[in-house]
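Next come the chains, spelled out residue by residue.
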Amino acid sequence: MSKTLIAGTVDENGGVISKVGDFTVSRDHSVGIYTVTFKKNFLTPPVVTSSQIYSNHNNPAGGDARDNTVLIHINPHSFKIKTGDSAGQGSWRSFTFLALGYVHH
């Protein structure tokens, strides 16, 4: 058993911008929902944290704190995440995540 970190930056289309570890991303039919699938299963659901990436560089104050992510479900082989806008509605947005847990060698 070994500790494993999987992390990534994902664009609004579900494309992987950068990554640590092996995973894939797909967009759901519902607006703003993505599934991140790990190539190797964790032994138990990993610890997952995520955040939306504010992309409007013309606003030095940053985005609205309600422009964020919600983790919908985490299991040993994937997690589902929702990104949203400042009105609380689902919206296709870029995000970053970290998943940490144990896997078999």
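So, here's what we can say about the structure. Given the structure is predicted, the values throughout are model-derived calculations rather than measurements.

Calculation rules
- Residues numbered from 1 in each chain as written.
- Predicted model: local features only at pLDDT ≥ 70, side-chain atom pairs only at ≥ 80, totals over all residues.
- Heavy atoms only, no water.
- Helix = DSSP H or I, 4+ residues; strand = E, 2+ residues; numbered from the N terminus.
- Buried < 20%, exposed > 50% of the residue type's maximum accessible area, 1.4 Å probe, protein only.
- Polar contact = N/O pair within 3.5 Å; in protein donor to acceptor, adjacent residues only side chain to side chain.
- Contact = heavy atoms within 4.5 Å.
- Patch = residues over 30% accessible without salt bridge, like charges linked within 9 Å, V, L, I, M, F, W, Y side chains within 5 Å.
- Areas by Shrake-Rupley, 256 points an atom, 1.4 Å probe, with all protein chains shown as cover.
- Salt bridge = Lys/Arg side-chain N within 4 Å of Asp/Glu carboxyl O.
- Pairing = 2+ DSSP bridges.
- Axes fitted to C-alpha atoms, helices over the stretch in contact; angles between N-to-C directions.
- Core = buried A, V, L, I, M, F, W, Y, C linked by side-chain atoms within 4.5 Å.

### Some points on the side chain of Ser91
Next up, step 1: Inspection of the secondary structure assignment puts Ser91 in the loop between strand S7 (78–83) and strand S8 (95–103).
Next up, step 2: Owing to a relative accessible area of 16%, Ser91 belongs among the buried residues under this scheme.
Next up, step 3: Here the side chain of Ser91 touches Arg93 through a polar contact of 3.0 Å, side chain to side chain.
Next up, step 4: Apart from residues no more than four positions distant in its own chain, Ser91 is found in contact with Val31, Gly32, Thr83, Gly84 and Asp85.

### Quick notes on a nonpolar patch on the surface
Next up, step 1: On the surface, Leu5, Val20, Val47, Leu98 and Leu100 cluster together into a nonpolar patch covering about 440 Å² of accessible area.
Next up, step 2: Structurally, the position occupied by Leu98 is in strand S8.

### Notes on the sheet that holds strand S6 (residues 69–75)
Next up, step 1: The four strands are arranged S3-S4-S7-S6 in an open sheet whose pairing can be described as antiparallel. If you trace the sheet from one side to the other, it starts and ends with strand S3 (23–27) and S6, each paired once. On average, each strand axis in the sheet is inclined to that of its neighbour by 20°, with strand direction left out of account.
Next up, step 2: Of the pairings in the sheet, the one linking S6 to S7 comprises six bridges and is antiparallel in character.

### Re the nonpolar core
What tends to happen in soluble globular proteins is that the nonpolar side chains get buried as a cluster.
Next up, step 1: With 15 residues, the main nonpolar core has Ile6, Phe23, Val36, Phe38, Phe79, Phe95 and Phe97 as its most contacted residues.
Next up, step 2: In terms of residue count, S8 provides more of this core than any other element does, four residues in total.
Next up, step 3: For Phe38, the residues in contact, after removing those within four places along its chain, are Ile6, Asp22, Phe23, Pro46, Asn75, Pro76, His77, Ser78, Phe79 and Ala99.

### So, the environment of Asp85
Next up, step 1: Within the element layout of this structure, Asp85 appears in the loop between S7 and S8.
Next up, step 2: Apart from residues no more than four positions distant in its own chain, Asp85 is found in contact with Arg66, Asp67, Ser91 and Arg93.
Next up, step 3: At 3.0 Å, the side chain of Asp85 forms a polar contact with the backbone nitrogen of Ala87.

### Observations regarding the pattern of salt bridges
Next up, step 1: Considering all chains together, one arrives at three salt bridges under this definition.
Next up, step 2: One salt bridge connects Lys19 with Asp22, and the closest N-O pair in it is separated by 3.3 Å.
Next up, step 3: By relative accessible area, which is 44% here, Lys19 ends up partly exposed.

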